[in-house]
Amino acid sequence: MAEVEAVPAAPAPVRAGGSAGAQARARAQAQPPRRGRVREGLRGYGLIVAMWIRSTMTYRTSFVLTTVGHAAITLLDFVAIYIMFSHVDALGGFTLPEIALLYGSCSASLGLADMLLGNTDRIGARIRDGSLDTMLVRPVPVLAQVAADRFALRRLGRIGQGLGVMGWAVWTLEVDWTAGKVVLVPVMVLAGAAIFAAVMVTGAAFQFLSGDAAEVQNSFTYGGCTMLQYPPTVFAKDLLRAVTFIVPLAFVNWLPALHVLGRPDPLGLPGWVAYLSPLVAFVVFLPASLAWRAGVRSYRSTGS
């Protein structure tokens, strides 16, 4: 009953013999203006998320235990880094607090994006089992339904431990703080989450073509975050160019963090580039949204 309340059934019945893909194209021709679609999508997303949160809070002890456990498991990555620094004083010229800033900001950004849009990697499974068809006939944008489905509030654990490590780094580092650097720290986390979210949407759109590419998507998100936890000075410049100009993961935390720490960029980019993360997130979202729309329009249903 909660799902019916959150996402009401389509007002018109499904015609016999019609595919969900054909119905989606018919609905696309009669869609309201873009602002109305965005507003309706946010409303539907909020209703579905609220439904899953109410379901989660039914067992609060289980929620607390799973959230703490999720945070502890993800914290093991930083524990490995900490143990490594018991044998070395610096890695690529970076000290432990400096790497903690990279680790914490990236982990918090990915955790936020994963909580809000992480379920998009299941789109391939929905395409194969035909459950995507039921979403296409509902009067709520498909992306909002896919992203909010099985919303996992326990992922707050990853966000919390990332912010905790980053807070320790900011407290420990001796940085010449300016107003710009103070603002850049929270902007770095939010813009990084938006960039990861755009990568997730792009990966989900690719699954309409491939059928299942969840691991490809995860290689750019979880794999990219693992790379961003370490200083850029330990990687080859060709890789740095790729994650700066092709898949702009460097704007998640590398470029902003280097500016905060007062370190030069290995590629020689000017310092003001560090403030472009919000703009880069917006630019990356444009092709991601177009790819998603193209994927939905090309969907032809499973026929089941």
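Here goes a summary of the coordinates provided.

Reading guide: rules and limits
Residues numbered from 1 in each chain as written. Predicted model: local features only at pLDDT ≥ 70, side-chain atom pairs only at ≥ 80, totals over all residues. Heavy atoms only, no water. Phe/Tyr/Trp six-rings, centres within 6.5 Å; stacked < 30°, edge-to-face > 60°. Helix = DSSP H or I, 4+ residues; strand = E, 2+ residues; numbered from the N terminus. Buried < 20%, exposed > 50% of the residue type's maximum accessible area, 1.4 Å probe, protein only. Lys NZ or Arg CZ within 6 Å of the ring centre and 35° of its normal. Salt bridge = Lys/Arg side-chain N within 4 Å of Asp/Glu carboxyl O. Core = buried A, V, L, I, M, F, W, Y, C linked by side-chain atoms within 4.5 Å. Contact = heavy atoms within 4.5 Å. Disulfide = S-S within 2.5 Å. Axes fitted to C-alpha atoms, helices over the stretch in contact; angles between N-to-C directions. Parallel < 35°, antiparallel > 145°, perpendicular 65-115°, else oblique. Left-handed = near helix turned anticlockwise from the far one by under 90°. Nonpolar A, V, L, I, M, F, W, Y, C, P; charged D, E, K, R; others polar.

1. What to know about the packing of aromatic side chains
Under the criterion given, the structure shown has four aromatic pairs. Their ring planes at 40 degrees and their centres at 5.2 Å tell us that Phe78 and Tyr103 sit as a pair that is tilted. Taken together, the residues Phe78 in helix H4 (residues 60–84) and Tyr103 in helix H5 (residues 96–117) connect sequence positions 25 residues apart. Here Phe78 falls in the buried class, since its relative accessible area comes to 11%. Its relative accessible area of 1% is what places Tyr103 among the buried residues. With centroids separated by 5.6 Å and ring planes inclined at 40 degrees, the aromatic side chains of Phe235 and Trp254 adopt a geometry described as tilted. With Phe235 in the loop between helix H11 (214–228) and helix H12 (237–246) and Trp254 in helix H13 (residues 254–261), this pair connects stretches of sequence that are 19 residues apart. The partly exposed category is assigned to Phe235, whose relative accessible area is 24%. Site record: aromatic cluster; members linked through ring pairs are Phe208, Trp292 and Tyr299. When the ring centre of Phe94 is taken as origin, the NZ or CZ atom of Arg263, which lies over that ring, is 4.2 Å away.

2. Some details on the pattern of salt bridges
Any two side chains of opposite charge can pair, so long as their charged atoms come close to each other. Counted by the stated rule, this structure contains six salt bridges. Across the pair Arg155 and Asp114 runs a salt bridge whose closest N-O atoms are separated by 3.5 Å. With a gap of 41 residues between them, Arg155 in the loop between helix H8 (142–148) and helix H9 (156–172) and Asp114 in helix H5 connect regions that are remote in the sequence. Residue Arg155 is classed as buried on the basis of its relative accessible area of 13%.

3. Describing the nonpolar core
Leu101, Leu132, Phe196 and Trp292 are the most contacted members of the largest nonpolar core, which totals 79 residues. Ranked by residues supplied to this core, first place goes to helix H10 (residues 179–210) with 15 residues. Excluding residues within four positions of it along the chain, Phe196 makes contact with Cys106, Ser109, Leu110, Ala113, Phe220, Thr221, Cys225, Leu228, Leu249 and Val252.

4. Considering the state of the cysteines
On inspection of all chains with the given rule, the structure shows one disulfide. Residue pairing for Cys106: its cysteine sulfur links by disulfide to Cys225, the two sulfurs lying 2.4 Å apart. Taken together, the residues span a long stretch of sequence, with Cys106 in helix H5 and Cys225 in helix H11 at a distance of 119 residues. Each of the two residues, Cys106 as well as Cys225, counts as buried.

5. Looking at the packing of H5 against H10
Where H5 contacts H10, the axes come no closer than 8 Å and their chain directions differ by 50 degrees. Accordingly, the angle class assigned to the pair H5 and H10 is oblique. Of the two possible hands of crossing, H5 and H10 adopt the one that is right-handed. Here Leu101, Ser105, Cys106, Ala108, Ser109, Leu110, Leu112, Ala113, Asp114 and Leu117 of H5 lie close against H10, whose contacting residues are Met188, Val189, Leu190, Gly192, Ala193, Phe196, Ala197, Met200 and Val201. Among the residues forming the contact of H5 with H10, the class breakdown is 15 nonpolar, three polar and one charged.

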